[in-house]
Amino acid sequence: MGQIEVRRSARRTRTVSARREGGRTIVMIPASMNEREERRAVAEMVARLDARDQRRSVARSDTALEERAARLAALYVPEAPAPASVRWVTNQNTRWGSCTPEDRTIRLSHRLREMPDHVVDAVLVHELAHLVVAGHGRDFEAIVKRFHRMDEAMGFLEGATWQQRRDS
């Protein structure tokens, strides 16, 4: 487990919250909490985050990704042939995903694993659309626009890309 940072706030009166930032767990607690309450709250919040991370890692397996792609294809790209494989990869640091229509393989960057579900879904729909249309022209756009949160997800990814460039 990484470093735990506890932040006390005078404005916070009852609620406790936590988040992960890189290798750190940040727990926000009311300033009025005593040490015993703090230890209990920190342990509870770390356990919750660990459980969430565990659920996500199972939900973000290659098998789960293939099943997810099949559901999305049926809903948004029914004309696409079934992908031969859909998997997470760690060698895509400038792309979110890729598709090779010739062998029907779809690969998603491991960087998407921590992103919201609708963002992962949008990238999957984008790559599934490439099984039908190779380029990014009008026919391609007509397919990807079927996913109702595509614009929102693309905005999210633009922000993530901007942040990544800023941090590097």
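Residues numbered from 1 in each chain as written. Predicted model: local features only at pLDDT ≥ 70, side-chain atom pairs only at ≥ 80, totals over all residues. Heavy atoms only, no water.

Asker: Sorry if this is basic, but what is going on with the overall build of the chain here?
Answerer: A count of helices and strands for the chain gives five helices and six strands. In summary, the chain has a C-alpha radius of gyration of 20 Å against a globular reference of 15 Å for 168 residues, an excess of more than 25%. The dimensions of the chain, computed from C-alpha atoms along their principal axes, are 60 × 30 × 30 Å. Here the chain holds 168 residues, and the buried ones make up 38% of them. For the chain, the proportion of contacts with a sequence separation of at least 24, taken over those separated by at least 6, is 45%. Side-chain charges of the chain comprise 30 positive and 24 negative groups, with the mean position of each set lying 5 Å from the other. (Helix = DSSP H or I, 4+ residues; strand = E, 2+ residues; numbered from the N terminus. Rg over C-alpha atoms; globule rule 2.2 N^0.38 Å. Buried < 20%, exposed > 50% of the residue type's maximum accessible area, 1.4 Å probe, protein only. Contact = heavy atoms within 4.5 Å. Lys, Arg positive; Asp, Glu negative; His and termini not counted. Charge placed at Lys NZ, Arg CZ, Asp CG, Glu CD.)

Asker: Got a minute to help me understand the nonpolar core in this structure?
Answerer: Side chains of nonpolar character tend, in soluble globular proteins, to be buried together. Of all hydrophobic cores here, the largest spans 33 residues; its most connected members are Ile106, Leu108, Leu112 and Leu124. If you list the elements that add at least two residues to this core, you get helix 2 (62-76), strand 4 (85-89), strand 6 (105-109), helix 3 (117-129), helix 4 (138-144) and helix 5 (150-167). Counting residues per element, this core draws most heavily on helix 3, which supplies eight residues. Aside from chain neighbours lying at most four places away, what touches Leu108 is Leu65, Arg87, Trp88, Val89, Gln92, Trp96, Gly97, Val120, Val123, Leu124 and Glu127. Judged by nonpolar contacts, the second largest core, of nine residues, contains Ala18, Met33, Val42 and Val46. (Core = buried A, V, L, I, M, F, W, Y, C linked by side-chain atoms within 4.5 Å.)

Asker: Would you explain the sheet that holds strand 2 (residues 17-21) in this entry?
Answerer: Backbone-to-backbone hydrogen bonds pair the strands of a sheet. The strands run either parallel or antiparallel. The strand order across the open sheet formed by three strands is 1-3-2, and the pairing between neighbours is mixed. Two strands in the sheet have a free side with no partner beyond their single neighbour: strand 1 (3-9) and strand 2. Strand-to-strand twist in this sheet, taken as the mean axis angle between neighbours without regard to direction, amounts to 20 degrees. Here seven bridges tie strand 1 to strand 3 (residues 24-30), and the two strands are oriented parallel to one another. Within strand 3, the residue paired with Gln3 across the bridge is Arg24. (Pairing = 2+ DSSP bridges. Axes fitted to C-alpha atoms, helices over the stretch in contact; angles between N-to-C directions.)

Asker: What's the story with the side chain of Glu38 in this structure? I'm lost.
Answerer: Structurally, Glu38 is set in helix 1 (residues 35-59). Here the side chain of Glu38 touches Arg8 through a polar contact of 2.4 Å, side chain to side chain. Apart from the residues lying within four places of it in its own chain, the contact partners of Glu38 are Val6, Arg8, Ile29 and Met33. (Polar contact = N/O pair within 3.5 Å; in protein donor to acceptor, adjacent residues only side chain to side chain.)

Asker: Help me understand helix 2, please; the structure alone is not making it clear to me.
Answerer: Side chains three or four residues apart in an α-helix point the same way, a direct result of the helix having 3.6 residues per turn. In this model helix 2 runs 20 Å from its N-terminal to its C-terminal C-alpha over 15 residues, within 8% of the 21 Å that 1.5 Å per residue would give. Along helix 2, the residues classified as buried are Ala64, Leu65, Arg68, Ala69, Leu72, Ala73 and Tyr76. (Expected span 1.5 Å × (residues − 1).)

Asker: Looking at this structure, I do not really get the pattern of salt bridges. What am I missing?
Answerer: Side chains that differ in sign of charge can pair as their charged atoms come close. In the structure shown here, the tally under the stated rule is 13 salt bridges. The salt bridge involving Arg24 is made with Glu5; its shortest N-O contact spans 2.5 Å. On the criterion of sequence distance, the pair formed by Arg24 in strand 3 and Glu5 in strand 1 is long-range, its members being 19 residues apart. A relative accessible area of 26% means that Arg24 is categorised as partly exposed. In this structure, Arg20 and Asp50 form a salt bridge, with 2.6 Å as the shortest nitrogen-oxygen distance. Here Asp50 lies in helix 1 and Arg20 lies in strand 2, a separation of 30 residues in the sequence. (Salt bridge = Lys/Arg side-chain N within 4 Å of Asp/Glu carboxyl O.)

Asker: Explanation requested: the pairing of strand 2 in the structure shown.
Answerer: Residues in a regular strand point their side chains to alternate faces of the sheet. Alignment of strand 2 against strand 3, held across five bridges, turns out to be antiparallel. Looking at strand 3, one finds that Ala18 is bridged to Val27. What sits between strand 2 and strand 3 in their antiparallel hairpin is a turn of two residues, with Gly22 showing a positive phi close to 60 degrees.

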